[in-house]
Amino acid sequence: MKTFKTLAFCLATGLVIASSCGNSNKVTAVSAQDAVLSNIAARKSVRAFLDTEVTEEQMNTLLRAAMAAPSGHDVRPWSFIVLRDKAQFDGIFGRENHNWRIFQKSPAIVVICADTTVAVKARKDPDEVASRRPNGTWRDDMGACTQNFLLAAEAMGLGAVWTACYPYPDRMDPVRKALELPDNVVPYAVVPVGYPSAQFEPKDKWDPDRIHHGKW
């Protein structure tokens, strides 16, 4: 985290200088930059939670952030199933699920679902009923959507962890059946969310060896 701490110090210094100059626009820009970068750096996977409710307002804020993600042709293939009744969790996920113990301790779980198809209207006949065809970018869209959810949780003082459902049949099939998903809808990720019950630290993943300039 040394890199981000240095960055935060530089940003804070810039904020003071900008403030002394009376440039409110620059202050706002630096403050926003600092907040966003700090939140990205602080995000971590939380796998243990307090038995404290995630309110409806908090959940709607998380889902609003998730739905703000970009998507190919603005298709927005996402849907969300919010689960709060722990008595249902065994039937939905099954004890054989690798993440079962995490789910059992979660006050809320969001199943992030993807419509793998897209409705397309004929260009020459606007009155024709839209036909459905495979959506080639749904995986990319759902990754952005899920990341937005996780970043929002971090910003709100909540914890969450991205547990993969897709593309594992042994995880997808029980969820799909229990939640009665349509054939074209895939349970992409299962995200437990709540207040962390322990201190979790983010990983510093900065690696300059992964950066290439001009060519590989």
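All figures in this text were calculated on a predicted structure; none of them were measured in a lab. (Residues numbered from 1 in each chain as written. Predicted model: local features only at pLDDT ≥ 70, side-chain atom pairs only at ≥ 80, totals over all residues. Heavy atoms only, no water.)

### With respect to the packing of aromatic side chains
And then number 1: For the coordinates displayed, the defined rule picks out 6 aromatic pairs.
And then number 2: Considering the side-chain rings of phenylalanine 89 and phenylalanine 93, the 6.1 Å spacing of their centres and the 70° angle between planes classify their relative orientation as edge-to-face. On the criterion of helical spacing, the pair formed by phenylalanine 89 and phenylalanine 93 is a turn pair, its members being 4 residues apart in helix α4 (residues 86–93). As far as the burial class goes, phenylalanine 89 and phenylalanine 93 line up, both buried.
And then number 3: Taking 6.4 Å as the distance between ring centres and 20° as the angle between the ring planes, the aromatic pair formed by tyrosine 166 and tyrosine 188 counts as stacked. Remark: tyrosine 188 occurs in strand β7 (residues 185–194) and tyrosine 166 occurs in the loop between β6 (163–164) and α7 (169–178); sequence separation between them is 22 residues.
And then number 4: Here the aromatic cluster, defined as three or more aromatic residues joined through ring pairs, consists of Trp138, Trp162, Tyr166 and Tyr188.
And then number 5: Of note, arginine 171 hangs over the ring of tyrosine 168, and the distance from its end group to the ring centre comes to 4.8 Å. (Phe/Tyr/Trp six-rings, centres within 6.5 Å; stacked < 30°, edge-to-face > 60°. Helix = DSSP H or I, 4+ residues; strand = E, 2+ residues; numbered from the N terminus. Buried < 20%, exposed > 50% of the residue type's maximum accessible area, 1.4 Å probe, protein only. Lys NZ or Arg CZ within 6 Å of the ring centre and 35° of its normal.)

### Re the packing of helix α3 (residues 56–67) against helix α6 (residues 138–155)
And then number 1: Their axes nearest at 7 Å, the elements α3 and α6 cross at an angle of 140°. Here α3 lies oblique to α6, going by the angle between them. Handedness of the α3/α6 crossing: right-handed. Between α3, through Leu62, Leu63, Ala65 and Ala66, and α6, the contact on the second element is made entirely by Cys145, Asn148, Phe149, Ala152 and Ala153.
And then number 2: Broken down by class, the residue content of the contact of α3 with α6 amounts to 8 nonpolar, 1 polar and no charged. (Axes fitted to C-alpha atoms, helices over the stretch in contact; angles between N-to-C directions. Parallel < 35°, antiparallel > 145°, perpendicular 65-115°, else oblique. Left-handed = near helix turned anticlockwise from the far one by under 90°. Contact = heavy atoms within 4.5 Å. Nonpolar A, V, L, I, M, F, W, Y, C, P; charged D, E, K, R; others polar.)

### So, α4
And then number 1: If you check which residues of α4 are buried, you get Phe89, Ile92 and Phe93. Across the axial projection of α4, the buried residues extend over an arc of 80°, all falling on one side. For α4, the exposed residues lying more than 90 degrees away from the buried face are Ala87 and Gly91.
And then number 2: Those residues of α4 that are buried are in contact with β1 (78–83), α5 (100–104), β2 (108–115), α7 and β7. (Arc of directions from axis to C-beta.)

### Digging into the layout of surface pockets
A water-sized probe rolled over the atoms picks out the places where empty space is left.
And then number 1: In this model, the largest pocket occupies a volume close to 370 Å³.
And then number 2: Residue lining of the largest pocket: 17 residues in total, with Arg43, Lys44, Pro202, Lys203 and Lys205 positioned closest to the centre.
And then number 3: For the lining of the largest pocket, a count of residues per class yields 8 nonpolar, 2 polar and 7 charged.
And then number 4: Size it by volume and the second largest pocket reaches roughly 160 Å³.
And then number 5: Considering only residue class, the lining of the second largest pocket consists of 3 nonpolar, 4 polar and 1 charged. (1 Å grid on protein atoms, 1.4 Å probe; cavity = no way out; pocket = protein on both sides within 12 Å on 5 of 7 lines; lining within 4 Å. Points joined across faces, edges and corners; volume = space filled by probe spheres on them.)

Taken by themselves, the reported measurements are silent on function.
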